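Residues per chain, in single letters:
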Amino acid sequence: MTEQQNQSHGLTLQGRSRLTMTGVTEVVSFDDASVVVSTPLGTLVVQGQELQLKTLDGGNVAVEGQIAALSYEEPRPTGSWLSRLLR
């Protein structure tokens with residue numbers, strides 16, 4: 001396991017209106033339709049309507065609003081295209 005995989009990350013969704021996340025390393029972007037955060041398990045995209053960040057405290061983030069979807073983006077491979085091809 002890598003060091004990133006050992007770090008704690010969790011999600012709690014309450015009634016599709018409040019999402020609590022732990023283990024967030026960075027809030028990449030946010031607006032009323034999406035919140036993008038970095039976690040030890042990859043980039044998490046929260047989509048919905050009227051989204052608001054409510055808590056930003058030591059890796060804990062709360063989002064309130066009408067939450068429609070949660071999805072993790074796969075990490076992009078690093079290195080040159082040739083090194084990725086030869087893996």
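Our subject is the structure listed above.
A few points on the structure. (Residues numbered from 1 in each chain as written. Predicted model: local features only at pLDDT ≥ 70, side-chain atom pairs only at ≥ 80, totals over all residues. Heavy atoms only, no water.)

Moving on, we come to the nonpolar core. Within the largest apolar cluster, 11 residues are counted, these being Leu19, Met21, Val24, Val35, Val37, Leu44, Val46, Leu51, Val61, Val63 and Ile67. When residues of this core are traced back to their parent elements, those giving at least two are strand E2 (18-22), strand E4 (34-39), strand E5 (42-57) and strand E6 (60-73). The residues touching Val46, leaving out its near neighbours within four places in the chain, are Leu19, Ala33, Ser34, Val35, Leu51, Ile67, Ala69 and Leu70. (Core = buried A, V, L, I, M, F, W, Y, C linked by side-chain atoms within 4.5 Å. Buried < 20%, exposed > 50% of the residue type's maximum accessible area, 1.4 Å probe, protein only. Helix = DSSP H or I, 4+ residues; strand = E, 2+ residues; numbered from the N terminus. Contact = heavy atoms within 4.5 Å.)

A few words now on the pattern of salt bridges. Counted according to the given criterion, the structure contains one salt bridge. Two residues, Arg18 and Glu64, come together in a salt bridge whose shortest N-O distance is 2.4 Å. Of the two residues, Arg18 is situated in strand E2 and Glu64 in strand E6; the sequence distance between them amounts to 46 residues. With a relative accessible area of 26%, Arg18 lands in the partly exposed category. (Salt bridge = Lys/Arg side-chain N within 4 Å of Asp/Glu carboxyl O.)

Read from one edge to the other, the open sheet built from six strands follows the order E1-E2-E6-E5-E4-E3, with strand pairing classed as antiparallel. Across the chains shown, the open sheet's two edge strands, defined by having one partner strand only, are strand E1 (10-14) and strand E3 (26-30). Going across the sheet, the axis of each strand differs from the next one's by a mean of 35 degrees, ignoring polarity. (Pairing = 2+ DSSP bridges. Axes fitted to C-alpha atoms, helices over the stretch in contact; angles between N-to-C directions.)

For the rest of this paragraph, the subject is the side chain of His9. Turning to its location among the elements, His9 is positioned in the loop between helix H1 (3-6) and E1. In this structure the side chain of His9 is engaged in a polar contact, spanning 2.7 Å, whose partner is the backbone oxygen of Thr22. Among the polar contacts made by the side chain of His9, one reaches the side chain of Tyr72 at a distance of 2.6 Å. Non-local contacts of His9, meaning those with residues more than four positions away in its chain, are made with Thr22, Gly23, Thr39, Pro40, Leu41 and Tyr72. (Polar contact = N/O pair within 3.5 Å; in protein donor to acceptor, adjacent residues only side chain to side chain.)

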